[in-house]
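Per-entry structural report
Chain by chain, the residues run as shown.
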Amino acid sequence: MAESFFSEFGLLWYLRELRKEEFWKFKELLKEEPLKFQLKPIPWPELKKASREDLAVLLDQHYPGKRAWEITLSLFLQVHRSDLWARAQDEIRNKLNPYKSHMKEKFRLIWDNETCLQVPDNFYTESTKTEYEELRAAYAARPAAGDASLSVVLGGPEGIGKTTLLRRVMLEWAEGHLWGDRFTFIFFLAGCEMNSTPETSLVELLSRDWPEASEPIEAVISQAERILFIVDGFEELKFTLDADDLCNDPRRRRPMPVILSSLLLKHLMPESSLLVSVGEPGSRRVACLLQHPRSITVPGLSERDRELYFSHFFPGKDAASTAFSLVRDNTALFILCRYPLACWLICTCLKWQQERGDTLGVICGSATTLYTSFVTSVCKSGLRGCPPGQDRARLRSLCALAAEGIWTDTFAFQPEDLRRNGVSEAEATRWLDLRLLRRNGDRFTFCHACVQEFCAAVWYLLQRPQDGSPPPAVGTVAQLVMATVVTKGGPTYVQQVGTFLFGLCSEDTAKLLEATFGFPLSKEVKEEVAHCLWGFSRRDPNRSELNFQEMLNNLFETQDEAFTTRVMNFFHDVNIYIGNADDLSISSFCLKHCQNVQKLHLCIENVLSENLEDDLDYNQKLAYWQDICSVFTASRDFQILDLDNCSFDEASHAILWKALAQPTCKLQKLVYSFASNLGNGTDFFKAILHSAHLTYLNLHGTNLSREEVRQLCETLKHPMCNIQQLMLGKCDITEEACKDVASVLVCNQKMKLLSLAENPVKNRGTMLLCEALQHPRCALEILLLQYGCLTSVACNYISQALLCNKSLSVLDLGSNFLQDSGVASLCKALKQPSCSLQQLWLVGCYLTPACCEDLSAVIMSNENLKTLKLGNNKIQDAGVQRLCEALKHPNCKLENLGLEICQLTSACCEDLASALIVCKSLKGLNLDWNSFDHDGMAVLCDALCHPDCVLQLLG
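Residues numbered from 1 in each chain as written. Predicted model: local features only at pLDDT ≥ 70, side-chain atom pairs only at ≥ 80, totals over all residues. Heavy atoms only, no water.

Glancing now at the overall build of the protein. Across its full length, the protein holds 46 helices and 23 strands. Here the protein holds 955 residues, and the buried ones make up 55% of them. Taking all contacts inside the protein whose residues are at least 6 apart in sequence as the whole, residues at least 24 apart take part in 79%. (Helix = DSSP H or I, 4+ residues; strand = E, 2+ residues; numbered from the N terminus. Buried < 20%, exposed > 50% of the residue type's maximum accessible area, 1.4 Å probe, protein only. Contact = heavy atoms within 4.5 Å.)

Okay, empty space enclosed by the protein next. Enumeration over the complete set of coordinates arrives at three cavities of 30 Å³ or more. Forming the boundary of the largest cavity are Val375, Leu395, Leu398, Cys399, Leu436, Phe454, Cys455, Val458 and Phe517. Contributing elements (two or more residues each) for the lining of the largest cavity: α23 (388–407) and α26 (449–462). Each residue belonging to the lining of the largest cavity can be placed in one class, and the counts come to nine nonpolar, no polar and no charged. (1 Å grid on protein atoms, 1.4 Å probe; cavity = no way out; pocket = protein on both sides within 12 Å on 5 of 7 lines; lining within 4 Å. Points joined across faces, edges and corners; volume = space filled by probe spheres on them. Nonpolar A, V, L, I, M, F, W, Y, C, P; charged D, E, K, R; others polar.)

Applying the stated rule across the entire model yields zero disulfides. With no disulfide of its own, Cys337 lies closest to Cys343 among cysteine sulfurs, the gap being 4.1 Å. You can call Cys337 buried: its relative accessible area is 0%. (Disulfide = S-S within 2.5 Å.)

With that out of the way, let us pick up the pattern of salt bridges. Following the criterion strictly, the structure yields 28 salt bridges and no others. The shortest N-O distance in the salt bridge between Glu175 and Arg108 comes to 3.2 Å. Of the two residues, Glu175 sits in the loop between α12 (162–174) and β2 (185–190) while Arg108 sits in helix α9 (residues 98–113), which places them 67 residues apart along the sequence. Glu175 sits in the buried class, given a relative accessible area of 19%. The salt bridge partner of Glu853 is Arg882, with a shortest N-O separation of 3.0 Å. Taken together, the residues Glu853 in helix α43 (residues 851–861) and Arg882 in helix α44 (residues 876–887) connect sequence positions 29 residues apart. (Salt bridge = Lys/Arg side-chain N within 4 Å of Asp/Glu carboxyl O.)

Locating Ser397 in the fold gives a position in helix α23. Since its relative accessible area comes to 12%, Ser397 is described here as buried. Not counting the four nearest positions on each side in its chain, Ser397 is found in contact with Asn421, Gly422 and Val423.

Relative to the helices and strands, Arg356 is located in helix α21 (residues 340–356). Within the structure, the side chain of Arg356 is placed 2.8 Å from the side chain of Asp358, a separation counted as a polar contact. A distance of 2.8 Å separates the side chain of Arg356 from the backbone oxygen of Ser377, its partner in a polar contact. (Polar contact = N/O pair within 3.5 Å; in protein donor to acceptor, adjacent residues only side chain to side chain.)

The next subject is the packing of helix α37 (residues 682–690) against helix α38 (residues 706–717). Look at α37 against α38: their axes get within 10 Å of each other, and the N-to-C directions meet at 20°. Taken together, the axis directions place α37 and α38 in an arrangement best described as roughly parallel. The handedness of the crossing between α37 and α38 comes out as right-handed. Counting all contacts with α37, which are made through Phe684, Phe685, Ile688 and Leu689, the residues of α38 involved are Glu708, Gln711, Leu712 and Thr715. (Axes fitted to C-alpha atoms, helices over the stretch in contact; angles between N-to-C directions. Parallel < 35°, antiparallel > 145°, perpendicular 65-115°, else oblique. Left-handed = near helix turned anticlockwise from the far one by under 90°.)

What follows covers unusual backbone geometry. Positive phi is not limited to glycine here, since His80 has a value of about 65°. With respect to the helices and strands, His80 occurs in the loop between α7 (66–78) and α8 (82–96). By relative accessible area, which is 65% here, His80 ends up exposed. Positive phi values are uncommon outside glycine, yet Cys789 reaches one of about 60°. Among the structural elements, Cys789 can be located in the loop between β17 (782–784) and α41 (792–804). Cys789 sits in the partly exposed class, given a relative accessible area of 46%.

With that settled, the discussion passes to the sheet that holds strand β7 (residues 294–297). On the basis of which strands lie adjacent, the open sheet formed by five strands has the order β2-β4-β6-β1-β7 and parallel pairing. Single-partner strands in this sheet number two, and they are β2 and β7. Here the strands of the sheet are splayed against their neighbours by 20° on average, with no regard to which way each runs. (Pairing = 2+ DSSP bridges.)

Bringing the nonpolar core into the picture now. Ranked by size, the top nonpolar core spans 300 residues in total, and within it Met551, Phe632, Leu670 and Leu899 carry the most contacts. At 11 residues, the largest contribution of residues to this core is made by α26. Contacts of Met551, omitting those with residues within four sequence positions, involve Val485, Leu533, Leu546, Val567, Met568 and Phe571. (Core = buried A, V, L, I, M, F, W, Y, C linked by side-chain atoms within 4.5 Å.)

Take the pairing of strand β13 (residues 669–673) next. Of all five residues in β13, four are buried, a share of seventy percent or more. In terms of strand pairing, strand β12 (residues 640–644) meets β13 through five bridges, oriented parallel. The residue bridging Asp642 from the neighbouring strand is Val671, located in β13. After leaving β12, the chain enters helix α36 (residues 650–660) and then returns to the sheet as β13, a path that is right-handed. (Right-handed = clockwise from strand over helix to strand, strands pointing away.)

Along an α-helix, residues three or four apart share an orientation, since each turn contains 3.6 residues. Between the first and last C-alpha of α12 there are 18 Å, a value that for 13 residues agrees with the 18 Å anticipated at 1.5 Å per step. For α12, a buried count of 11 out of 13 residues is recorded, marking the element as mostly surrounded by other parts of the structure. Within α12 the residues assigned to the buried category are Lys162, Thr164, Leu165, Leu166, Arg168, Val169, Met170, Leu171, Glu172, Trp173 and Ala174. Within two residues after α12, Gly176 carries a phi angle of roughly 85°, on the positive side. (Expected span 1.5 Å × (residues − 1).)

What follows is about the packing of aromatic side chains. How two aromatic rings sit relative to each other is given by the distance of their centres and the angle of their planes. Taken as a whole, this structure holds 36 aromatic pairs when the rule is applied. When the centroid spacing of 6.2 Å and the interplanar angle of 70° are considered together, the rings of Trp24 and Trp44 count as edge-to-face. Here Trp24 is found in helix α3 (residues 20–30), whereas its partner Trp44 is found in helix α5 (residues 44–49), with 20 residues between them in sequence. Exposure remark for Trp24: the relative accessible area of 37% places this residue in the partly exposed category. Taking relative accessible area as the criterion, Trp44 reaches 26% and is therefore assigned partly exposed. (Phe/Tyr/Trp six-rings, centres within 6.5 Å; stacked < 30°, edge-to-face > 60°.)

The next thing to look at is the pairing of strand β1 (residues 151–155). Within β1, five of the five residues are buried, which leaves it mostly tucked inside the rest of the structure. Of the two faces of β1, the one holding Ser151, Val153 and Gly155 and the one holding Val152 and Leu154 are both buried throughout. With five bridges joining them, β1 and strand β6 (residues 273–278) adopt parallel strand pairing. Bridge pairing in β6 places Leu154 opposite Ser277.

On to the environment of Ile335, then. Within the secondary structure, Ile335 is located in helix α20 (residues 331–336). When the C-alpha positions of Ile335 and Lys526 are compared, they lie 30 Å apart, and in sequence the two are 191 residues distant.

Next up on the list: the packing of helix α27 (residues 477–485) against helix α28 (residues 492–504). In the contact formed by α27 and α28, the axes pass within 8 Å of each other and the chain directions differ by 110°. In terms of axis orientation, α27 runs roughly perpendicular to α28. When you trace α27 past α28, the crossing you get is left-handed. Between α27 and α28, the contacting residues are Val477, Leu480, Val481, Ala483, Thr484 and Val485 on the first element and Val494, Gln495, Val497, Gly498, Thr499, Leu501 and Phe502 on the second. Taken together, the residues that form the contact of α27 with α28 break down as nine nonpolar, four polar and no charged.

Atomic detail in the predicted coordinates should be set aside for any region of low pLDDT. This prediction gives the protein a mean pLDDT of 87; 94% of its residues lie at or above 70. The low-confidence segment residues 1–9 (pLDDT under 50) makes 25 contacts with residues lying over four places distant or belonging to another chain. (pLDDT = per-residue confidence, 0-100.)

A few words now on the environment of Glu158. Take Glu158: it is sitting in the loop between β1 and α12. Judged by its relative accessible area of 40%, Glu158 is partly exposed. As for Glu158 and Leu341, which are separated by 183 residues in sequence, their C-alpha atoms are 8.9 Å apart. When near neighbours in sequence (up to four residues on either side) are disregarded, Glu158 contacts Tyr339, Cys450, Glu453 and Gln496.

Here you go:
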């Protein structure tokens, strides 16, 4: 940068401004000054005789670029020529960096013409002082040597003021008030603009705003530590960022997702700094990409700021006081005014109403109703006296412009865009006067992107068959719904249009618009939305792309209970996440009228607590939770409740368990995994006892106390209890507690499956369980004991139980330290014809080839054993050879054999191939994660092609 300065403005001009005595003093001081910068001084003989012209050349030769200027500026102050110092600083700021001057002009125009504040700058500065200072401080110091450059995430919901703050930051930097010593260049990258760039290089991307007078942008790229990239609207990106496909060359053209991923992951220009704004939908996604980001949250307007906003917005004190009193008395409106955008919308509505002499009031049941109030207020003032046909044509043209912009990622329009969509110059002027549009030079924008989104949604309701084909770029209703509710939907601005479209499906909202516009709106849109959601309900829930939470959010936007009930009844499998009070109220609204839910998967975080600070009253939370729980009895065929990682307090627990205990509840399967507690316990055990249809209970990951295990077992032993499958994995059940569990196996003949996986059962606990297995009343069929801290000693107890028990068919002993000696004990029982076990799982039990002798004997003698899993053991080629001999025995009835991760090589492939051809029972064989070369695989493939091979599944 300094080289450009010297070449264009020259140091000579400044030296000629020095008087004779000042010039001589300048040279004398120059003898020592370079030492302060750890530079060698210019030899005094050269310096002493140098003229002004000579000195300029000497400075440029000895201290090229930036250093010469630093020395010169320092000496100007020492010879008391601060005027020259100040003038040079101004030229550096304004002329040395043409890019900075360009950004100053650009963002001043944006700030003046495209920011919907309508309040003084000093109010905005004061209301954002905290977050502005946080940003200033975050980048104040340069990273120490070896430290990574800083990445900051600016977070907050849509409409809270993130983009406005970043625009202000950009303007402050360009005007020289912020980070002047830290960043030479700041580049502003908007999400919606990147969406319309399929392929580029970083140099090409940055060149769009690069003035011709600036030095080559390639030279700037080399100063990465002096560059800050601002990425605004991360959640608006409509492409997926991939950490596996990256680029480190700023000149290479690559797809836009690759360029941005590389920048965020510091693969491209790693020394540069990042500032990324992200709304709530994209916060998790950006956290996975940035390296140790610092977070700053935009909190919105404080209560005091909201009052000041009104006082600045309205022209008179009485008007401001009247409007603010109305809002202050309406809790929902006042909370909304925390968002600067909502505050502006509400103030604009009220101001128009005051000017017309109307009764003041703003409807705010949802975002759609708020924007409806805004648009209807504007139209009442702007379209008065126009025939309905003209009104419709004007609105349709404006909304067509909005819709085309949304679907083409366009938020700034040229005059030809307006003409193409039927917006005449006179109509554009009218919309500008009404402040729905804003003008910045030759380009037009809507007063805010959200207003454009709302108008785009209204366009769908203005369509009539006689209007002809819609603009080719605009998506259909089905495409819009798809982009709104699928897991990987469109960018947030497309999704918001979809949300508004759902809201416009409300009959009350449609009637309000029709009364204002003076003509009817399309009734077909609502049916199209419903039909699209019905199509999602017909798909396999495990393969569906539907984001259930987004669908619920959009149904809530309608505030139409009948429509919501109709749509919810399409779905039998419902998946809900509740992370805050808003999610709770939305889920309550959508679920309380459901009649067809069969499966409900629910994750609810720490929301139902009396101590949380949020805008929702605790009793109201419990009422919402009661509504959600009503689905257990209201649905005709409710079967499965999956509560995953849920957090309840005692009151919400009581509501849950009492709802499940109702006689009309037909719940069959209850999963309550990773629960913090069971409430007071009593209600839970009553629910288990009184749920007549409940046959499956899964408490995986829920730590149970010794007393809770005892109470649970007492409940399970009750004659009314119908639990058949009990999953207690990772419940911290100790060997002592196994006594209670064992008593259930003796008393409850309904119990068919028991999982105690990942519990410290140990050998003693196994002994107690095996005693129960030997009891003639025990009817257990499946026992899962993997990760149970068992040793070969436990196998002695199990072996005895297998000889006596006639019901047990599946036994999982995986991931226990059984060793070959433990397997030998098991095989003594398994060899007996009376042993009825059908599946034995020994994955990861520290086995060697030696155990295969005993297992082979079992395979040849026990016709009941159908499945043997030996994966993740050192079976090796020698062990496989013995097993293959058994597989070829005529008495072998084994159907499935697991040998994954068993250190096998191609040396055993001949044995396996021979067994595959001879064995007539083996249907499944797992050989994953073994080292077979091409020749070994060829041998196996030949066997698979043999007509005598009956294998059906090879892993």
